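Here is what each chain is made of, one letter per residue.
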Number of protein chains: 2
Amino acid sequence: MEKIIVCMTGAASLIAILFAVLKSMKVLKFDEGTDIMKKISQSVRKGANAYLNRQYRIVIIFFAVIFVILGVMAFLKLLTPYVPFAFLTGGFFSGLSGFIGMKIATASNARTANACREGLNKGLRVAFDAGSVMGFTVVGLGLLDITLWFFLLKFVFKLPDNEVTGAMLTFGMGASSMALFARVGGGIFTKAADVGADLVGKVEAGIPEDDPRNPAVIADNVGDNVGDVAGMGADLYESYVGSIISSCALGVSAYASFKAMALPMCIAAIGVLCSVIGTFFVRTKENASQKELLRALSKGTNLSAILIAVVSLPLVYFLLGKEHWHLYFAILAGLISGVLIGQSTEHYTSDSYKPTQNLAKSSETGTATIIISGLSVGMLSTLIPIIIVSICVLVAYFVSGGRDDGAHGLYGIALAAVGMLSTLGITLATDAYGPVADNAGGIAEMAKLDKSVRERTDALDSLGNTTAATGKGFAIGSAALTALALMASYIDKVKILPGGAEKIANLNINNPSVLIGLFIGACLPFVFAALTMNSVGRAAQSVVIEVRRQFKEIAGLMEGKADADYAKCVDLCTKSSLHEMILPTIVAVIVPVIVGMVLGCTGVVGMLAGATATGFLMAVFMSNSGGAWDNAKKYIESGHFGGKGSENHKAAVVGDTVGDPFKDTSGPSINILIKLLSMVSIVFAALIIKFSIL
Amino acid sequence: MEKIIVCMTGAASLIAILFAVLKSMKVLKFDEGTDIMKKISQSVRKGANAYLNRQYRIVIIFFAVIFVILGVMAFLKLLTPYVPFAFLTGGFFSGLSGFIGMKIATASNARTANACREGLNKGLRVAFDAGSVMGFTVVGLGLLDITLWFFLLKFVFKLPDNEVTGAMLTFGMGASSMALFARVGGGIFTKAADVGADLVGKVEAGIPEDDPRNPAVIADNVGDNVGDVAGMGADLYESYVGSIISSCALGVSAYASFKAMALPMCIAAIGVLCSVIGTFFVRTKENASQKELLRALSKGTNLSAILIAVVSLPLVYFLLGKEHWHLYFAILAGLISGVLIGQSTEHYTSDSYKPTQNLAKSSETGTATIIISGLSVGMLSTLIPIIIVSICVLVAYFVSGGRDDGAHGLYGIALAAVGMLSTLGITLATDAYGPVADNAGGIAEMAKLDKSVRERTDALDSLGNTTAATGKGFAIGSAALTALALMASYIDKVKILPGGAEKIANLNINNPSVLIGLFIGACLPFVFAALTMNSVGRAAQSVVIEVRRQFKEIAGLMEGKADADYAKCVDLCTKSSLHEMILPTIVAVIVPVIVGMVLGCTGVVGMLAGATATGFLMAVFMSNSGGAWDNAKKYIESGHFGGKGSENHKAAVVGDTVGDPFKDTSGPSINILIKLLSMVSIVFAALIIKFSIL
């Protein structure tokens, strides 16, 4: 049985990686187009590489420090000796996912633009194939990491099941830390470049978007890759791995059976295969409308989801038997919730629906009203996702027998997270496709390609905005479920540690340490959002000054006679975003330890619950406000309420600029924050049991 | 013993009311000034009266409906027969507090302006005396309500202590509902008028603030009175009464001794006397600087706080004996926290400190950056208050022996709330003084008084902004503590109801009903904020259209040859704000019942905890962002970063407009929401125990 599972997950992981390799070979066979296109693409690639290299250099220092700390703790018997190494591999694979995704994204932007010269369907295929490389690399490497450690701990070190899952849980901390660096650093980079390029280029100098005269234009394109691709990849790698290992751990403690541990791994493996099948159904006819394009993508995702739903039923029945086959509904609840949250996000942020259209209309009474309305759209949009997640949690808990045995119920919640994330391969493909299409549009503009090419890339890009919005909803929903599963794993873990059961006995919500933990946890996403927004502000400030300087000092730049110093802007964004990413990350790692030291393990649980609740709300609020402003602006640009250049448009541009750090930096970073908090808590559990005040 | 307590609280309540009467007679003796001043003041008075009359007419319907529902529930033995009547008196006294406060405020605005013609100190005295009437009416009526019911239930119906407190708890629901109407309705009115007046008058027509040609100028002044005075009064009446009765209830159940029930009432009584003494120390010399004015007000408040701190020590010792005198520190923790939260608010919102100065500076890079920075100032400003409240709760819990007996600890937390609110008489006086000074400035402008008069009222007004900010911090902090005490009372109440103990046994935070309750509760402040912001937007929209119409249609208005139709604008604000206040209130009343029906009592507790946590955070965030934007604009107007009329100023005006509904509608309403949720839960507890699904 154990061996079958290892083979199955191992095989699925290799299939995913192989599929990613084949797809990338296919993409790389396409031509990059004209010399100018090659040159631009080359600059973007160089910038993104330079950024990631320097980011990894900083991250290595962080990992080295934590590795030493964990090593000392392992030496003091506060951790098992595998933990420091598990931590490293988690970070390594997470970073690798982002790196590969970024590599292929930067390799395919010019190719997509070039393919669009031939037709829309070809462009879609190239961009979507590039996205697929990212999606399947993430799930492939995630499963590989899980398989390797499972094999090592189970067959080489021959540990019992609960110690296997205990050690595996900790590589999530490595993945989370890496993800936070990638999301925060990349998020600051992309928005600093974007805001800088827009404020000076579009507003002050009055040149169009993606104009090659704008010194920050390459940095802007680099930002899409390091933020939206590498950051998103690391984020979802982390949710994927976290949900699987935490449900393995909860399964072992609920059923004391290997089969309960095997189930999440099997679902993940099946998910990979169904996602691969789904990708083959993403294709569209020439001159497809926006709706048809979207339908092409949805067809692939939905098909994968249905396949998984069908195949998991016999799987659950086979693994858990007649008595427990109801757990299938937990998986199903997760799958369906993922789709519904995506639809809710679309409803609130797409200009096909009332909320964004009304938001665009509110620009008629000026900037203040569009800001107020945008904030209120985002706040209101939290209601439906929270109800979806609530119902999903309740269903998952009760169908898995939580009423009779709480541990069974918690396992059910974790399975719902696994169910939701089982389609990750293809969901992430449709999501990562967006920045590629966006970049392709930029290259088409800069290389002065035919207008029809830009129209095609615009169609792809606009679709990318929708998939990015639903992707964000999916990322937030899965992060919340994963965080809940990790919280349950934390409680489980503390209970089995020496002296832990007593420390965590009173989890009553009116126990003041739980309550205070809850208050502090609830506050963290607010503080984190503030810190990251300020970081974007400061970084953008420096870009603004540099772009202004180049416009002033480089003679002939505005006339197109001289080249802008793109590298300088890329370098500046790199420096300032890397500088700015350090404080938020340290906050996220240190706070759980401090809270634990003062309030004890019960305080930590309160903190995790509070952070998950407000983290989810803030992430939805900020992502959806940002998305709605962005699309309201585009709606006006497409000719409504006065169109481009009108006063309404100016008001909408301000809304969009406020929304930029909302949706691309702060909102997504909070996702990772809530998972990292639980991961850090799990790793430092023994330390806190020993030394906490309360 | 019981009789002494009744006499003591009764006497304190009468002293407060008498003091308020004396102060109002003193204020009314002053002259209203010139005929124009009288006429303007008359219009404001008329508008405010009209608004309140119509508000009360709607509120009466609501109260009648709920009264019938409660009556039916009492008939079905789901409630004691006193509850429906307690509900009515709570609403009545809360409304009366607001009404009296508004009456005196509208009677003293012209008098303050006129007093300022003679000197600054005299102006301060009149405005502060008017504020005192409000402050002492609130505490006087609050204590009166408590004394009457206590007398009735204890001496007439001769109920045992726990039933006395059980019935008294429910008049909080009446007070909360009334407060919510007052805060939401008044908040929408004041901001709709303000935004409408500013957008058309200041921005479009280019006439100065408070210009008599602006048709919305009277509505704007009316708004200050119905929102900032009547709303604030009802809000704090509710916190005051809620904290006292919930700590009485918790005291009885923790100590099973009347003395523990008597303590909070005695502290409240002492607080009244010490606050009265404090008011005598509020005076300043002529031509006092801003700092000296602030010092004059702080002297009164601080002196009261110190007096209370000194007198409570022997009181606690006498009532609870040597064994439990440590509870004194719970009261002290509350008192000190109130002061500290006020200071934190001042730090983040006053232009004497870095955050607001930096915010003003961020206007240099445009509107978007001042919005982003303002949001981030508000979010960051949640950290310190949450740490203060956390420490306060921990200290209160542990000094009162919570480690050995949780019930003792919860009583300690409730006492901290009583301690914080014990200075309410004078705190509210300094707070309610603000709108009076603001109105006085408006009247000075409209009546074209000498420039020196406007300078003096400006000095008073600017001080009012600071006291309003600290007052808001105080209101939020006390609301959070009161909500926690009410949550504990709810748990207590459910436990003693038939079948309740079992229903509420599992309050573990990882029990999914608690967790889901937490999620939904955490979401409510977001939804509530969105609803109220949208309401302001819609109401302001209608004012904008009306003001534009008047400018266009009334010939000679702009030249000052014709009068604007002020009454129309007041009427419009009244109609739309009353219309808009209904939905949020119904949401607040119905949601706890629905959550209870679905998730059971444990879900309700989770909801209360979640709503208190995010409600506190959102209220601080929104109030402080709004305050910081307001003062950043004023800072620029005072000549920094380009001064009035510059591009920076325009950006700051947008920030201020966004901040208006933040700080004066949504933020303060959330305060009441979190208390009302617990009150409704308490009243419907028996129903939910009987009929809930989980």
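Each chain carries its own residue numbering, running from 1 in the written order of its sequence. For this description, chains carry letters from A and ligands carry numbers from 1, given in the order in which they are written. In view of the model being predicted, local features appear only for residues whose pLDDT reaches at least 70, and side-chain atom pairs are presented and counted only at 80 or more, with totals across whole chains, interfaces and linings using the full set of residues. For side-chain calculations, the full set of non-hydrogen atoms in the structure is used, while hydrogens and water are omitted.

K.L.:
Hey, could you go over the pattern of salt bridges for me, with residue numbers and the actual values?
P.N.:
All names here are of chain A. By salt bridge we mean one thing: a side-chain nitrogen of Lys or Arg within 4 Å of a carboxyl oxygen of Asp or Glu. In the structure shown here, the tally under the stated rule is 62 salt bridges over all chains. A salt bridge links Lys675 to Glu238, with the nearest nitrogen and oxygen atoms 3.1 Å apart. Residue Lys675 is located in helix H20 (residues 647-683), and its partner Glu238 is located in helix H7 (residues 217-255); the two are separated by 437 residues in the primary sequence. Relative accessibility under 20% of the residue-type maximum defines a buried residue, over 50% an exposed one, and the middle range a partly exposed one, all with a 1.4 Å probe and only protein chains included. Overall, Lys675 belongs to the buried group, its relative accessible area being 0%. Since its relative accessible area comes to 1%, Glu238 is described here as buried. The salt bridge partner of Asp630 is Lys634, with a shortest N-O separation of 3.2 Å. With Asp630 and Lys634 both in helix H19 (residues 566-637) and four residues apart, this pair spans about one turn of that helix. Several salt bridges converge on common partners, so that one network encompasses Lys191, Asp194, Lys472, Asp630, Lys634, Asp660, Lys663 and Asp664. Under the DSSP-based scheme used, a helix requires at least four consecutive residues in state H or I and a strand at least two consecutive residues in state E, with every element numbered from the N terminus.

K.L.:
An account of the environment of Ser337 of chain B is requested, with residue identities and associated values reported.
P.N.:
Residues and elements named next belong to chain B. Here Ser337 shows up in helix H10 (residues 327-349). Sequence-wise, Ser337 and Phe85 are 252 residues apart; in three dimensions their C-alpha atoms are separated by 35 Å. Working rule for contacts: check all heavy atoms of both residues, and any pair within 4.5 Å makes them a contact. Ser337 has contacts with Ile388, Cys392 and Met420, leaving out every residue within four places of it along the chain. Polar contacts, as counted here, are pairs of nitrogen or oxygen atoms within 3.5 Å of one another; within protein the pair requires one atom able to donate a hydrogen and one able to accept it, and residues that are adjacent in sequence qualify only if both atoms are side-chain atoms. Looking at Ser337, its side chain comes within polar contact range of the main-chain oxygen of Ala333, at 2.6 Å.

K.L.:
Give a description of the relation of the copies chain A and chain B that names residues and reports values.
P.N.:
Relative to chain B, chain A is turned by 180° and slid 0.0 Å along the rotation axis, the superposed coordinates differing by an RMSD of 0.0 Å. Read as a symmetry element, the transformation amounts to a two-fold axis. When each C-alpha of chain A is compared by its distance to the rotation axis, Asn508 of chain A comes out closest, at 2.2 Å. Counting the interface residues of chain A, we find that 100% of their copies in chain B are interface residues as well, pointing to one common contact surface. The fit set for superposing copies consists of C-alpha atoms from residues with pLDDT of at least 70 in both; the fit itself is least squares.

K.L.:
Which residues make up the confidence of the model for chain A, and what values go with them?
P.N.:
As a note on interpretation, predicted positions should not be read in detail where pLDDT is low. pLDDT measures how confident the predictor is about each residue, on a scale from 0 to 100. Taken residue by residue, chain A gives an average pLDDT of 90. The fraction at 70 or more is 100%. Under the prediction, the complex receives an ipTM of 0.94, its pTM being 0.94.

K.L.:
Lay out empty space enclosed by the protein with the relevant residues and their values.
P.N.:
A cavity here means a set of points on a 1 Å grid, drawn over the protein atoms and nothing else, where a 1.4 Å probe fits but cannot get out; a pocket is an open set with protein on both sides within 12 Å along at least five of seven lines, and a residue lines either one if it has an atom within 4 Å of a point. Grid points are joined across faces, edges and corners, and a volume is the space filled by probe spheres set on the points. The final tally for this structure, using the stated rule, is ten cavities of 30 Å³ or more. Its boundaries defined by the atoms lining it, the largest cavity holds a volume of some 90 Å³. If you trace the largest cavity, you find 13 residues lining it, with Thr369 and Ile372 of chain A together with Val195, Gly537 and Ala540 of chain B closest to the centre. Elements that contribute at least two residues to the lining of the largest cavity include exactly helix H12 (367-380) of chain A together with helix H6 (171-205), helix H18 (512-553) and helix H20 (647-683) of chain B. Per-element accounting of the lining of the largest cavity gives the leading share, six residues, to H18 of chain B. Three classes are used, and their members are as follows: Ala, Val, Leu, Ile, Met, Phe, Trp, Tyr, Cys and Pro are nonpolar, Asp, Glu, Lys and Arg are charged, and the others, Gly among them, are polar. Residue composition of the lining of the largest cavity, grouped by class: eight nonpolar, five polar and no charged.

K.L.:
Tell me what's going on with the packing of aromatic side chains, and back it up with residues and numbers.
P.N.:
All names here are of chain A. Aromatic pairs are defined between Phe, Tyr and Trp rings, using the six-membered ring for Trp, whenever the two ring centres lie within 6.5 Å; interplanar angles under 30 degrees are classed as stacked, those over 60 as edge-to-face, and all others as tilted. Under the counting rule described, the total for this entry stands at 44 aromatic pairs over all chains. Where Phe151 meets Phe155, the ring centres are 5.6 Å apart and the plane angle is 45°; that geometry is what we call tilted. One end of the pair, Phe151, and the other, Phe155, are both in helix H4 (residues 120-156), four residues apart, so they sit about a helical turn from each other. Judged by relative accessible area, which is 23%, Phe155 ranks as partly exposed. Taking the centre distance of 5.5 Å and the plane angle of 65° together, the rings of Tyr255 and Tyr411 count as edge-to-face. Here Tyr255, found in helix H7, pairs with Tyr411, found in helix H14 (residues 406-421); they are 156 residues apart in sequence, far enough to count as distant. The two residues Tyr255 and Tyr411 agree in class, both being buried. Chaining the aromatic ring pairs together yields one cluster made of Phe62, Phe63, Phe87 and Phe181.

K.L.:
Got a sec to walk through unusual backbone geometry? Specific residues and values, please.
P.N.:
Here Lys448 of chain A, not a glycine, exhibits a phi torsion of approximately 55°, which is positive. If you check the backbone angles, Lys158 of chain B has positive phi at about 50° while not being a glycine. You can see Lys158 of chain B is positioned in the loop between helix H4 (120-156) and helix H5 (161-169). Exposure remark for Lys158 of chain B: the relative accessible area of 64% places this residue in the exposed category.

K.L.:
Tell me what's going on with the interface of chain A and chain B, and back it up with residues and numbers.
P.N.:
Contacts between chain A and chain B engage 62 residues on the former and 62 residues on the latter. Summing both sides of the interface, chain A and chain B together bury roughly 5900 Å²; the carbon and sulfur share of this comes to 84%. Along the contact surface separating chain A from chain B lie zero salt bridges. Counting every contact that joins chain A to chain B gives four residue pairs in polar contact (both at pLDDT 80 or more). Contributing elements (two or more residues each) for the side of chain A that touches chain B: H12, helix H13 (383-399), helix H16 (451-496), helix H18 (512-553), H19 and H20 of chain A. When residues in the side of chain A that touches chain B are grouped by element, the largest group, 17 residues, is from H18 of chain A. Among the residues making up the side of chain A that touches chain B, the classes are represented as 48 nonpolar, 13 polar and one charged. A quick way to say it: buried area is the sum, across both parts, of accessible area lost when two parts are put together, with a 1.4 Å probe.

K.L.:
Residue-level account of H12 of chain A, with values.
P.N.:
A helix is expected to reach a length of 1.5 Å times the quantity of its residues less one. An ideal rise of 1.5 Å per residue puts 20 Å on 14 residues; H12 of chain A measures up with 20 Å between its terminal C-alpha atoms. Burial analysis of H12 of chain A places 13 of its 14 residues in the buried class, the great majority of the element.

K.L.:
So what's going on with a nonpolar patch on the surface? Which residues, and what values?
P.N.:
Residue and element names in this part refer to chain A. Like-charged residues are merged into a patch within 9 Å and nonpolar side chains (Val, Leu, Ile, Met, Phe, Trp, Tyr) within 5 Å, provided each residue has over 30% relative accessible area and no salt bridge. All accessibility values rest on the Shrake-Rupley procedure with a 1.4 Å probe; residue burial counts only the protein chains present in the view. Among the surface-exposed residues, Phe329, Leu383, Ile384, Ile387, Ile391 and Val395 lie close enough to one another that they form a single nonpolar patch of about 440 Å² accessible area. Among the elements that line the nonpolar patch, the one with the most residues is H13, at five residues. Mapped onto the secondary structure, Ile391 falls in helix H13.

K.L.:
Please give an account of the packing of H6 of chain B against helix H7 (residues 217-255) of chain B that cites residues and values.
P.N.:
Residues and elements named next belong to chain B. Running from N to C, H6 and H7 cross one another at 160°; their axes reach a closest spacing of 7 Å. As the angle between them shows, H6 and H7 are arranged roughly antiparallel. By crossing handedness, the relation of H6 to H7 is classed as left-handed. By residue class, the composition of the contact of H6 with H7 is 15 nonpolar, eight polar and six charged. Axes here mean lines fitted to C-alpha atoms, for a helix over just the part in contact, with angles spanning 0 to 180 degrees between N-to-C directions. To sort the angles, those under 35 degrees are grouped as roughly parallel, those over 145 as roughly antiparallel, those from 65 to 115 as roughly perpendicular, and the leftovers as oblique. In this scheme the crossing of two helices becomes right-handed for a clockwise turn of the near helix relative to the far one and left-handed for an anticlockwise turn of less than a right angle.

K.L.:
Residue-level account of the environment of Ala64 of chain A, with values.
P.N.:
Residue and element names in this part refer to chain A. On the secondary structure map, Ala64 appears in helix H2 (residues 35-75). Judged by relative accessible area, Ala64 falls into the partly exposed class, the value being 39%. Along the sequence, Ala64 and Val203 sit 139 residues apart, while their C-alpha atoms lie 44 Å from each other.

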